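# Chain and residue survey
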Amino acid sequence: IIYGSRHYDQSIDIWGLGCTMAELLLHQPIFPGNTDINQLELIFSVLGCPVNLLSHSKNDGLKQKIFPTFVVDNTKQPVGLANLLPNIPPMLLDFISMALTLDPKKRPTTEELRNHPLLQEISKSAKMEFSKVCEYLHEKCLKNWFAKVK
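Residues numbered from 1 in each chain as written. Predicted model: local features only at pLDDT ≥ 70, side-chain atom pairs only at ≥ 80, totals over all residues. Heavy atoms only, no water.

## Description of the pattern of salt bridges
For the record, the criterion: Definition used for salt bridges: Asp or Glu carboxyl oxygen within 4 Å of a side-chain nitrogen of Lys or Arg. Where helices and strands are cited, they refer to DSSP runs of H or I of at least four residues and of E of at least two residues respectively, numbered from the N terminus. Note on classification: 1.4 Å probe, protein chains only; a residue is buried when its accessible area is under 20% of the maximum for its type, exposed when over 50%, partly exposed between these limits.
Under the counting rule described, the total for this entry stands at 2 salt bridges. Between Glu111 and Arg114 there is a salt bridge, with its nearest N and O atoms 2.3 Å apart. Pair noted here: Glu111 and Arg114 are both in helix α6 (residues 110–114), with a separation of 3 residues, about one helical turn. Residue Glu111 is classed as partly exposed on the basis of its relative accessible area of 42%. The class of Arg114 is partly exposed, set by a relative accessible area of 45%.

See below:
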């Protein structure tokens, strides 16, 4: 979440990746807020609200400007990604959940996500498929071409 921050790093891109993957599965925006505050409310309603949201802001002026009317209801349980994205493979849900970690310091890096079992599985499948394509090309195309050249 980049709200009010002037610091931009890869954690913002990881958040965007998680949102994009969820939106591809939902066929709609995951957090379709009509204002900045509404969008935060939607995010917190799904992922939960960080307990230290209001107490650890680095910019007290911004905090006072934004949050005086912002009410956090910690009595409600968050919806959770599993309920928002039912029937998706657990490995995919884990990947998206990791990317949508609220605390950017706890959000995985690109290297950590690259080593996630989901991407390892996709990579393995892609290599197998590529090898099948190569075998097919060799068997059906190259052998015939070499036979004609001789």
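After that view, the rundown keeps rolling.
## Re the environment of Thr109
Checked against the element boundaries, Thr109 lands in the loop between α5 (90–99) and α6. Sequence spacing of Thr109 and Ala99 is 10 residues, and the spatial spacing of their C-alpha atoms is 8.9 Å.

## Topic: helix α2 (residues 36–47)
Heads up, the condition is: By this rule the span expected of a helix is its residue count minus one, scaled by 1.5 Å. Contacts were defined at the residue level, with two residues in contact if any of their heavy atoms lie within 4.5 Å.
With 12 residues, α2 ought to run about 16 Å at 1.5 Å a step, and its terminal C-alpha atoms sit 16 Å apart, in line with that. Among the structural elements, α1 (10–26) and α4 (81–84) are those in contact with the buried residues of α2. The positive-phi residue at the C-terminal boundary of α2 is Gly48, with phi of around 95 degrees.

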